Amino acid sequence: MTRTDRPEPTPPALPGLTAREREVLAHLMAGGTNAEIAKTLVLSEKTISVHISNMLRKTGTTNRVQLAELARRHGARKSEED
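What counts and what doesn't
- Residues numbered from 1 in each chain as written.
- Predicted model: local features only at pLDDT ≥ 70, side-chain atom pairs only at ≥ 80, totals over all residues.
- Heavy atoms only, no water.
- Buried < 20%, exposed > 50% of the residue type's maximum accessible area, 1.4 Å probe, protein only.
- Helix = DSSP H or I, 4+ residues; strand = E, 2+ residues; numbered from the N terminus.
- Contact = heavy atoms within 4.5 Å.
- Core = buried A, V, L, I, M, F, W, Y, C linked by side-chain atoms within 4.5 Å.
- Axes fitted to C-alpha atoms, helices over the stretch in contact; angles between N-to-C directions.
- Parallel < 35°, antiparallel > 145°, perpendicular 65-115°, else oblique.
- Nonpolar A, V, L, I, M, F, W, Y, C, P; charged D, E, K, R; others polar.

With an unreviewed UniProt entry as reference, the protein is termed LuxR C-terminal-related transcriptional regulator, source organism Paractinoplanes pyxinae.

Enquirer: Can you lay out helix 1 (residues 19–29) for me, pointing to particular residues and giving the numbers?
Expert: Burial analysis of helix 1 places nine of its 11 residues in the buried class, the great majority of the element. Summarising the contacts, the buried residues of helix 1 are in contact with helix 2 (34–41), helix 3 (45–59) and helix 4 (64–73). Positioned one or two residues after helix 1, Gly31 has a phi angle of 95°, which is positive.

Enquirer: I'd like a rundown of the nonpolar core, residues and numbers included.
Expert: In terms of nonpolar packing, the biggest core is built from 17 residues, with Val24, Leu25, Leu28, Ile48, Ile52 and Met55 touching the most fellow members. Looking at this core, the elements that each hand over two or more residues are helix 1, helix 2, helix 3 and helix 4.

Enquirer: Any details on the packing of helix 1 against helix 4? Residues and values, ideally.
Expert: At a minimum axis separation of 10 Å, helix 1 and helix 4 run at an interaxial angle of 105°. Judged by the angle between their axes, helix 1 and helix 4 are roughly perpendicular. Together, Leu25, Leu28 and Met29 of helix 1 and Arg64, Leu67, Ala68, Ala71 and Arg72 of helix 4 make up the contact between the two elements. Within the contact of helix 1 with helix 4, the residues separate by chemical class into six nonpolar, no polar and two charged.

Enquirer: Go over the packing of helix 1 against helix 3, please, and point to the residues and values.
Expert: Taken N-terminus to C-terminus, the directions of helix 1 and helix 3 make an angle of 95°; their axes are 10 Å apart at the nearest point. It follows that helix 1 is roughly perpendicular to helix 3 by the angle criterion. Seen from helix 1, the contacting residues are Arg20, Glu21, Val24, Leu25 and Leu28; seen from helix 3, they are Ile48, His51, Ile52, Asn54, Met55 and Lys58. For the contact of helix 1 with helix 3, the per-class residue count stands at six nonpolar, two polar and three charged.

Here's what the structure looks like:
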């Protein structure tokens, strides 16, 4: 993912996620690191880390890969090309 790529926010496939969490999730699913996501969304890396931690807790997943796979299984997309 390049710094200018802006994946579409994921649809509300995972209930309980905020709009910002869905936006972070879309970038995570596109392979963005915390630093890349933070730069793209003009947030701190710590804020991105907190959003990801909250999503892990809300979904019962234990890592980024599980979170992305769960989102894919529930129909979330990382971009319009999917």
